[in-house]
Amino acid sequence: ASLVVLISGSGSNLQSIIDATQNGILKGKAVVSHVLSNRKNAYGLERASKAGIPTSVHPLLPYKKEYGNEIGRNKYDTDLAERIIALKPSLVVCAGWMHILSPEVLGPLEKQKIGIINLHPALPGAFNGIHAIERAFEAAREGKITKTGAMVHWVITEVDGGKPILIQEVPIESSDTVETLEDKIHGVEHKILVEAIHNIVSATSDS
Ligand SMILES: N[C@@H]1O[C@H](COP(=O)(O)O)[C@@H](O)[C@H]1O
């Protein structure tokens, strides 16, 4: 299976996928065929280059400058869909991709039967959107919750609202700080993202 991975930042989750395709559970089952970022200074691009994986950058700003906010974003999304489809992926993986995927992106991918999954550092429906770890930490401090977690889910237009594929809970200890909680959640993310990809590509190759 060929994976196109979408990133925006450091790429530690991308690295866990790359490592798994080279010497882990994805070896012989999947390759990262391309890494696309919406930010040119994303460190994940360097991780990809070091692994000999082709990369590209699709920044939003030039579109906003040329076409204005609304039309710019719309054109950005339709071009993004075209770029992804042209890469002929078996699966698209959002690993720290921080741009909401609109129907202008998801519609054309669905037409091509290209599945797209995302990683989110919280449990389903708990803290959708940004700063999910900090918000969970605050809720625990207020005694509202005792655990959070991470999930891999299919992408739909509702942000972080798609059908979960893999979920893992993470207890929030009274001794935790935001940093120790982040470390625990990132550790879980690196594991469940690779497992989810393994389950999907194995199911596809068996069918
Ligand atoms: N959306 C969130 O952004 C972070 C990306 O981390 P990295 O893979 O760039 O290190 C991950 O925690 C992911 O859930």
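Owing to the predicted nature of the structure, the values given are computational and were not obtained by experimental measurement.

### Observations concerning the packing of helix α1 (residues 12-23) against helix α2 (residues 43-50)
The contact between α1 and α2 brings their axes to 9 Å, and the two run at 15 degrees. It follows from the interaxial angle that α1 and α2 lie roughly parallel. In the packing of α1 onto α2, the handedness of the crossing is right-handed. Here Ser 12, Leu 14, Gln 15 and Ile 18 of α1 lie close against α2, whose contacting residues are Gly 44, Arg 47 and Ala 48. In terms of residue class, the contact of α1 with α2 is made up of three nonpolar, three polar and one charged.

### Points about the pattern of salt bridges
Side chains that differ in sign of charge can pair as their charged atoms come close. Tallied over the full model, the rule gives five salt bridges. When the shortest N-O distance is used, the salt bridge between Asp 79 and Lys 75 registers 3.5 Å. A residue pair is termed a helical-turn pair when its members lie 3 or 4 positions apart in one helix, as Asp 79 and Lys 75 do in helix α4 (residues 69-86) at four residues. In this structure, the salt-bridge partner of Asp 176 is Lys 184, at a minimum N-O distance of 2.7 Å. Under the relative-accessibility criterion, Asp 176 is labelled buried at 9%. You can call Lys 184 partly exposed: its relative accessible area is 28%.

### A few points about the UniProt feature "domain: Formyl transferase N-terminal" (unreviewed entry) in the protein
As recorded in UniProt, the feature "domain: Formyl transferase N-terminal" (unreviewed entry) lies at residues 3-197. When the span residues 3-197 is considered, its composition is 43% helix and 21% strand, and the gap between its end C-alpha atoms is 9 Å.

### A few points about the packing of aromatic side chains
In the structure shown here, the tally under the stated rule is two aromatic pairs. Consider the rings of Tyr 63 and Tyr 67, whose centres lie 6.3 Å apart with planes at 35 degrees: the pair is tilted. A residue pair is termed a helical-turn pair when its members lie 3 or 4 positions apart in one helix, as Tyr 63 and Tyr 67 do in helix α3 (residues 61-67) at four residues. According to the relative accessible area criterion, Tyr 63 is buried, its value standing at 15%. We classify Tyr 67 as partly exposed; its relative accessible area is 31%. Residues Tyr 63 and Tyr 76 carry aromatic rings whose centres are separated by 5.4 Å and whose planes lie at 90 degrees to one another, so their mutual orientation is edge-to-face. Remark: Tyr 76 occurs in helix α4 and Tyr 63 occurs in helix α3; sequence separation between them is 13 residues. As far as the burial class goes, Tyr 63 and Tyr 76 line up, both buried.

### Some points on the sheet that holds strand β2 (residues 31-37)
Strand pairing in a sheet relies on backbone hydrogen bonds. The paired strands run either parallel or antiparallel. An order of β3-β2-β1-β4-β5-β6-β7 is seen for the seven strands of this open sheet, with the pairing classed as mixed. A strand with exactly one partner marks an edge of an open sheet, and here the two such strands are β3 (55-57) and β7 (164-171). Here the strands of the sheet are splayed against their neighbours by 20 degrees on average, with no regard to which way each runs.

### Things to note about the side chain of His 99
Following the sequence through the fold, His 99 ends up in the loop between β4 (91-94) and α5 (103-111). Since its relative accessible area comes to 7%, His 99 is described here as buried. Among the polar contacts listed, one links the side chain of His 99 to the side chain of Asp 77, at a separation of 3.0 Å. Apart from residues lying up to four places away in sequence, His 99 is in contact with Asn 38, Leu 60, Arg 73, Tyr 76 and Asp 77.

Parameters and conventions
- Residues numbered from 1 in each chain as written.
- Predicted model: local features only at pLDDT ≥ 70, side-chain atom pairs only at ≥ 80, totals over all residues.
- Heavy atoms only, no water.
- Axes fitted to C-alpha atoms, helices over the stretch in contact; angles between N-to-C directions.
- Helix = DSSP H or I, 4+ residues; strand = E, 2+ residues; numbered from the N terminus.
- Parallel < 35°, antiparallel > 145°, perpendicular 65-115°, else oblique.
- Left-handed = near helix turned anticlockwise from the far one by under 90°.
- Contact = heavy atoms within 4.5 Å.
- Nonpolar A, V, L, I, M, F, W, Y, C, P; charged D, E, K, R; others polar.
- Salt bridge = Lys/Arg side-chain N within 4 Å of Asp/Glu carboxyl O.
- Buried < 20%, exposed > 50% of the residue type's maximum accessible area, 1.4 Å probe, protein only.
- UniProt positions renumbered as here; feature names shortened; annotations may be inferred.
- Phe/Tyr/Trp six-rings, centres within 6.5 Å; stacked < 30°, edge-to-face > 60°.
- Pairing = 2+ DSSP bridges.
- Polar contact = N/O pair within 3.5 Å; in protein donor to acceptor, adjacent residues only side chain to side chain.

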